[in-house]
Amino acid sequence: MTELHTLAEQLAAEHDLPDKALHALIAGRNAEIQRYLAQRAEALRQKIYGNRIYIRGLIEFTNHCKNDCYYCGIRRSNGKAQRYRLTRADILACCEEGYRLGFRTFVLQGGEDPYFTDERLTDIVRAIRAGFPDCAITLSVGERSVQSYRALFQAGADRYLLRHETATKAHYDRLHPPAMDFERRMDCLRQLRRIGYQTGCGFMVGSPGQTDEHLVRELRFLKDFQPHMVGIGPFLPHADTPFRDQPGGTAELTLYLLSLIRLLLPEVLLPATTALGTAAGDGRERGIRAGANVVMPNLSPLSVRQKYMLYDKKIFTGEESAQCVACLAKRMASVGCEIAVSRGDSLIRTQHNDFY
Ligand code: 5AD
């Protein structure tokens, strides 16, 4: 047994490690320790969730965005992005189709689009809530006021995804323009959880300037914050952004981190993301084998799908689409899993931790 194996063993047994040990595992990673961690993470996922993979129907309903994040293809300053918005009727039609296909969670994701005022968005949430009472509604629409988060929750939203992008303020400032504020984002996450949402955070892997020390802080933040869900994926450059020439993050490191996150937070809902599936053709299956238990196929209408381009080469017409549940089921079967037709709620009871 090498020293890294001993640390991996300790992590699998105790679901935590001192920062120094996490750093050793990240900095010293190699193919063998990666296999070892993945086995442990997969076994833990199996113990907690069995072989059932939760599916979420992703509806990318607007690519208008008032923000200007340096990495993102739908940033405000990208004049080449063809902007679109789905109507309420479009969104409900996506849900209708999704329901028929077996989805019991709808994720409404979009840029920070001022058109979707609280009035418009609560109206849409209420309509989905009324039409699909046995489904979970997840929102992923960025930073909003506490009143807005509350109104959306009262309208029937159950969950909220807001990636923090990086847990290190100086690094946050490297990825975002001055108008965006690290503390404000973290505050949004705390508010969301306090209101009662099942809350998801997350970060990009291999974003420009990210170091192993940053990754240790990511893991520490996750362990402290105890989110219900964690979304991570490799940073992938987009040609019409300031980060066009930056190297992308790798599928390998993303898979490694998925395993570490499963072992740190055994019950967390952990998707194998589209970005991971873009970085490697079999990325999502390998994500499952590394400890992930959620996939989020695309339910957006085909006509708009290629316009929601956060990064180059995003997969959008093939088997990642919700319409191909059979392909997905086959892919999941190839790694010993099956798709669950259920809301797939978090097993983590919401705790109102005073510190957060
Ligand atoms: N590469 C990978 N992920 C990206 N995101 C945005 N732009 C990129 C990119 N270029 C991620 C961010 C955001 C989520 C919706 O997509 O983490 O929160």
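This is a predicted model, so every value here is computed, not measured. (Residues numbered from 1 in each chain as written. Predicted model: local features only at pLDDT ≥ 70, side-chain atom pairs only at ≥ 80, totals over all residues. Heavy atoms only, no water.)

Observations regarding the sheet that holds strand 1 (residues 52-55)
Part 1: Taken in spatial order, the three strands make up an open sheet running 8-1-9, and their pairing is parallel. Because the sheet does not close on itself, it has two edges, and the strands there are strand 8 (294-295) and strand 9 (338-340).
Part 2: Both strand 1 and strand 8 contribute to a ladder of two bridges, which runs parallel. Its bridge partner being in strand 8, Tyr54 is matched across the sheet by Val294.
Part 3: Strand contacts of helix 14 (residues 325-333): strand 1, strand 8 and strand 9, with the helix running at about 125° to strand 9, the strand carrying the most contacts. (Pairing = 2+ DSSP bridges. Helix = DSSP H or I, 4+ residues; strand = E, 2+ residues; numbered from the N terminus. Contact = heavy atoms within 4.5 Å. Axes fitted to C-alpha atoms, helices over the stretch in contact; angles between N-to-C directions.)

Let's talk about the state of the cysteines
Part 1: Going through the model one piece at a time under the given rule, you end up with one disulfide.
Part 2: With its sulfur 1.5 Å from that of its partner, Cys324 forms a disulfide with Cys327. Across this residue pair, the class does not change: Cys324 and Cys327 are buried.
Part 3: Unpaired in terms of disulfides, Cys201 finds its nearest cysteine sulfur in Cys188, a separation of 13 Å.
Part 4: Residue Cys201 is classed as buried on the basis of its relative accessible area, which comes to 2%. (Disulfide = S-S within 2.5 Å. Buried < 20%, exposed > 50% of the residue type's maximum accessible area, 1.4 Å probe, protein only.)

Looking at the sheet that holds strand 7 (residues 229-234)
Part 1: What the six strands build is an open sheet, ordered 2-3-4-5-6-7; its pairing is parallel. The sheet is open, and its two edges are formed by strand 2 (57-62) and strand 7, each paired on a single side. Here the average twist between neighbouring strands, direction ignored, is 20°.
Part 2: Sheet topology note: the strand 2/strand 3 (residues 105-110) ladder contains five bridges and is parallel.

Some thoughts on the environment of Asn78
Part 1: With respect to the secondary-structure elements, Asn78 resides in the loop between strand 2 and helix 4 (88-101).
Part 2: Once the C-alpha coordinates of Asn78 and Lys314 are considered, the two residues, 236 residues apart in sequence, prove to be 17 Å apart.
Part 3: Of note is the side chain of Asn78, whose polar atom sits 2.8 Å from the backbone oxygen of Gly73. (Polar contact = N/O pair within 3.5 Å; in protein donor to acceptor, adjacent residues only side chain to side chain.)

Digging into the packing of aromatic side chains
Part 1: Within this structure, the stated rule accounts for 12 aromatic pairs.
Part 2: Centroid distance Tyr70 to Phe243: 5.9 Å. Interplanar angle 70°. Geometry classified as edge-to-face. Of this pair, Tyr70 sits in the loop between strand 2 and helix 4 while Phe243 sits in the loop between strand 7 and helix 10 (251-264), and the two are 173 residues apart along the sequence.
Part 3: The exposure class of Tyr70 is partly exposed, given its relative accessible area of 23%. (Phe/Tyr/Trp six-rings, centres within 6.5 Å; stacked < 30°, edge-to-face > 60°.)

Thoughts on the pattern of salt bridges
Part 1: Inspection of every chain in the model, using the stated rule, returns 28 salt bridges.
Part 2: Close ionic contact of Glu97 with Arg100 constitutes a salt bridge, the shortest N to O distance being 3.8 Å. Separated by three residues within a single helix, Glu97 and Arg100 lie in helix 4, roughly one turn from each other.
Part 3: The residue Glu183 makes a salt bridge to Arg190 at a minimum N-O spacing of 3.7 Å.
Part 4: The exposure class of Glu183 is partly exposed, given its relative accessible area of 44%.
Part 5: Beyond isolated ion pairs, a larger network of salt bridges with shared partners links Arg129, Asp158, Arg159, Arg343 and Asp345. (Salt bridge = Lys/Arg side-chain N within 4 Å of Asp/Glu carboxyl O.)

Section: the confidence of the model for the protein
Part 1: Here the protein averages 95 in pLDDT, and 96% of its residues register 70 or above.
Part 2: Residue range residues 352-356 is modelled with pLDDT below 50. Its contacts to residues more than four positions away, or to other chains, number nine contacts. (pLDDT = per-residue confidence, 0-100.)

Section: the environment of Met1
Part 1: Turning to its location among the elements, Met1 is positioned in the segment before helix 1 (3-14).
Part 2: When residues no more than four places from it in sequence are discounted, the contact partners of Met1 are Thr6 and Glu9.

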